[in-house]
Amino acid sequence: MDFFRKMIVASNWKMNTNIPEGQKLLEEIMAGFPAELPCQVIVAPPFTHLQMVIRNIGDKKLGVAAQNCHYETSGAFTGEVSAGMIKSLGAGYVIVGHSERRHLFHETSEIIKKKVDTVLAAGLKPIFCCGEPLDIRESETHNAYVRMQLEQSIFHLDEDAFKKIIIAYEPVWAIGTGMTATPEQAQEMHSHIRDQIAIHYNKIVSEETHILYGGSIKPDNAKDIFTQPDVDGGLVGGASLNAKGFLEIINAAC
Ligand code: PGA
């Protein structure tokens with residue numbers, strides 16, 4: 001059986017750009033963006049920019065993601081944003097479990113699991129991030145580590161819910177460091193993740209799941225990573241803040 005997975009290129013602006021800078025970046029990206037693309041492009045600006053981005057994309061087929069949300073639906077959680085609020089803006093995705101959330105803001109697998117559930121309940125798609133820190137890679141226990149992250153935060157889902165998840169494998173040692181995983185390292189982990197999905201669900205679900213790579217993707221390394229058989233695109237941080245570079249990365253995928 002042949003499976004076709006459309007490539008996805010998602011950009012994570014993190015806590016960068018003010019509104020005019022974000023608008024300029026979006027306009028530059030859209031100016032270089034063909035009306036019909038064979039792949040899905042998603043932008044994840046800061047919360048404060050979501051409405052501006054959604055208003056400005058017009059009929060361009062650009063997906064919009066929030067970078068985070070709270071796991072409760074409403075209430076006394078000063079400073080937090082719910083999945084329902086994000087949905088009501090018209091966004092389609094939420095990044096959940098990014099390593100900066102896990103490590104800098106101490107989000108546990110249990111919290112991330114609750115976030116996955118609330119994002120799905122709001123009718124949004126989670127972009128679920130996983131990936132091992134450097135010491136785990138060096139001790140060669142990375143496969144087991146990532147398997148545990150999947151088991152703890154997304155493998156409780158039933159098959160229909162699981163099919164809405166996009167996975168982003170982002171080795172922590174490669175995020176923002178300029179140290180990209182080799183295409184072989186990315187392929188090995190993506191294939192491992194796909195095998196785990198086949199074990200927990202079935203072969204069809206595993207072949208249909210999108211698994212993106214993230215961690216220091218640049219215009220000059222994107223193609224080698226994106227052409228690996230189990231890599232279905234990328235989650236791009238730093239390099240997505242430059243429209244020209246991001247468009248080159250999109251071209252490498254599409
Ligand atoms: P980077 O970030 O491309 O700057 O390494 C990727 C990410 O954190 O999603």
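Residues numbered from 1 in each chain as written. Predicted model: local features only at pLDDT ≥ 70, side-chain atom pairs only at ≥ 80, totals over all residues. Heavy atoms only, no water.

Q: Hey, could you run me through the overall build of the protein chain in this one?
A: Looking only at helices and strands, the protein chain features twelve helices and eight strands. The C-alpha atoms of the protein chain give 17 Å as radius of gyration, which agrees with the globular expectation for 254 residues (18 Å, within 12%). Its C-alpha atoms give the protein chain principal-axis dimensions of about 45 × 45 × 40 Å. In the structure as shown, the protein chain presents an accessible area of about 11,400 Å², 52% of it carried by carbon and sulfur atoms. Computed over 23 positive and 31 negative side-chain charges, the separation of the two mean positions in the protein chain equals 5 Å. (Helix = DSSP H or I, 4+ residues; strand = E, 2+ residues; numbered from the N terminus. Rg over C-alpha atoms; globule rule 2.2 N^0.38 Å. Areas by Shrake-Rupley, 256 points an atom, 1.4 Å probe, with all protein chains shown as cover. Lys, Arg positive; Asp, Glu negative; His and termini not counted. Charge placed at Lys NZ, Arg CZ, Asp CG, Glu CD.)

Q: Whenever I open this one, helix H1 (residues 19-31) confuses me. Can you help?
A: In an α-helix, one turn spans 3.6 residues; hence positions three or four apart end up facing the same way. Relative to the 18 Å expected for 13 residues at 1.5 Å per residue, H1 spans 18 Å between its end C-alpha atoms, a close match to the ideal helical length. Taken together, the buried positions of H1 are Gly22, Leu25, Leu26, Ile29 and Met30. Taken around the axis of H1, the buried residues stretch over an arc of 130°, which confines them to a single face. The exposed residues of H1 that point more than 90 degrees off its buried face are Pro20, Lys24 and Ala31. Taken together, the buried residues of H1 touch helix H2 (50-56), strand E3 (62-66) and helix H12 (243-253). (Expected span 1.5 Å × (residues − 1). Buried < 20%, exposed > 50% of the residue type's maximum accessible area, 1.4 Å probe, protein only. Arc of directions from axis to C-beta. Contact = heavy atoms within 4.5 Å.)

Q: It is not clear to me how unusual backbone geometry should be interpreted in this structure. Could you clarify?
A: Trans peptide bonds make up most of the peptide bonds, and negative phi angles are found at most residues other than glycine. One non-glycine residue, Lys14, lies in positive phi territory at about 55°. Following the sequence through the fold, Lys14 ends up in the loop between strand E1 (8-12) and H1. One non-glycine residue, Thr17, lies in the positive phi region at around 80°. On the basis of relative accessibility, which here comes to 26%, the residue Thr17 falls in the partly exposed class.

Q: Where do I start with the site of the ligand in this structure?
A: Taken together, 13 residues sit near the ligand, with Lys14, His98, Glu170, Gly176 and Ser216 positioned nearest. Here an oxygen atom of the ligand sits 2.7 Å away from a polar atom, N or O, in the side chain of Lys14. In the model, an oxygen atom of the ligand is placed 2.7 Å from a nitrogen or oxygen of the Glu170 side chain. Computed on the free molecule, the ligand has an accessible area of 280 Å², of which 96% lies beneath the protein chains in the complex. The residue inventory of the shell around the ligand, partitioned by class, reads four nonpolar, seven polar and two charged. (Near = heavy atom within 4 Å. Polar contact = N/O pair within 3.5 Å; in protein donor to acceptor, adjacent residues only side chain to side chain. Nonpolar A, V, L, I, M, F, W, Y, C, P; charged D, E, K, R; others polar.)

Q: What's the story with the packing of aromatic side chains in this structure? I'm lost.
A: Geometry of an aromatic ring pair is reported as the spacing of the ring centres plus the angle between the planes. Scanning the model with the defined rule gives four aromatic pairs in all. Both rings, one in Phe155 and one in Phe162, keep their centres 5.9 Å apart while their planes meet at 45°; by these two values the pair is tilted. With respect to burial, Phe155 and Phe162 carry one shared label: buried. If you follow Arg101 out to its NZ or CZ, it ends over the ring of Phe105, 4.2 Å from the centre. In this arrangement the basic side chain of Lys114 is found over the ring face of Tyr71, its NZ or CZ atom lying 4.2 Å from the centre. (Phe/Tyr/Trp six-rings, centres within 6.5 Å; stacked < 30°, edge-to-face > 60°. Lys NZ or Arg CZ within 6 Å of the ring centre and 35° of its normal.)

Q: Which parts of the structure should I look at to understand the side chain of Asp230?
A: Relative to the helices and strands, Asp230 resides in the loop between helix H11 (219-226) and strand E8 (233-236). Reaching out from Asp230, the side chain makes a polar contact with the side chain of Arg194 at a distance of 2.6 Å. Residue contacts for Asp230: discarding those within four places in its chain leaves Arg5, Gln187, His190, Ser191, Arg194 and Ile211.

Q: I'm lost on the pairing of E8 in this one. Help?
A: Walk down a regular strand and you will see the side chains alternate between the two sheet faces. Burial along E8 is two-sided: Gly233 and Leu235 facing one way and Gly234 and Val236 facing the other are all buried. Of the pairings in the sheet, the one linking strand E7 (residues 210-214) to E8 comprises two bridges and is parallel in character. Across the sheet, the residue bridging to Gly214 is Leu235, located in E8. The parallel pair E7 and E8, bridged by H11, forms a crossover whose chirality is right-handed. (Pairing = 2+ DSSP bridges. Right-handed = clockwise from strand over helix to strand, strands pointing away.)

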